[in-house]
Amino acid sequence: STFRNVLHAFGAIASLGLLCLGFMMACLPTLQELKYSPAQTLATITQGLALMLFSSISFFESVYRSRWVRWWLGFLTSIPGKLVYYTAIGL
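1. A word on the overall build of the protein chain
The helix and strand tally for the protein chain stands at four helices and zero strands. Put simply, the protein chain runs from its N terminus to its C terminus through helices and strands in the order α-α-α-α. For the protein chain, buried positions account for 25% of its 91 residues. A separation threshold of at least 6 residues defines the contact pool for the protein chain, and within that pool the share at least 24 residues apart is 51%.

Printed below as a string of structure tokens:
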């Protein structure tokens, strides 16, 4: 249906935005004017990498809705799964 296709398109766009955010978080400690402690640096890089990982999986799942993707990466195939994912990433 049209609503489902629009929902997947918005999911793909949101996933790309989150991927960019994760990349910026991972690169943030490398800026010279920011003085992070080693723990803050490691936490920021780890959060950025995790965000990039999950957002790339969600983008892949939004674009390729095949049976294989649903079996291995199927947490975004249902509306409650998407709700939990985007809420958890937003927190």
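2. What about helix H4 (residues 79-90)?
With twelve residues, H4 extends 16 Å between its outermost C-alpha atoms, agreeing within 8% with the 16 Å of an ideal straight helix rising 1.5 Å per residue. All of the buried residues along H4 are Gly81, Lys82 and Tyr85. All buried residues of H4 project into a common sector of 95° when viewed along the axis, lining one side. The exposed residues of H4 that point more than 90 degrees off its buried face are Ile79, Pro80, Leu83, Val84 and Gly90. On its buried side, H4 packs onto helix H1 (2-27) and helix H2 (38-63).

3. Quick word on the environment of Ala14
Looking at where Ala14 falls in the secondary structure, it is placed in helix H1. Sequence separation of Ala14 and Ser58 is 44 residues, and the distance between their C-alpha atoms is 9.2 Å.

About the cut-offs
- Residues numbered from 1 in each chain as written.
- Predicted model: local features only at pLDDT ≥ 70, side-chain atom pairs only at ≥ 80, totals over all residues.
- Heavy atoms only, no water.
- Helix = DSSP H or I, 4+ residues; strand = E, 2+ residues; numbered from the N terminus.
- Buried < 20%, exposed > 50% of the residue type's maximum accessible area, 1.4 Å probe, protein only.
- Contact = heavy atoms within 4.5 Å.
- Expected span 1.5 Å × (residues − 1).
- Arc of directions from axis to C-beta.

Interpretation in functional terms is not warranted from these geometric data alone.
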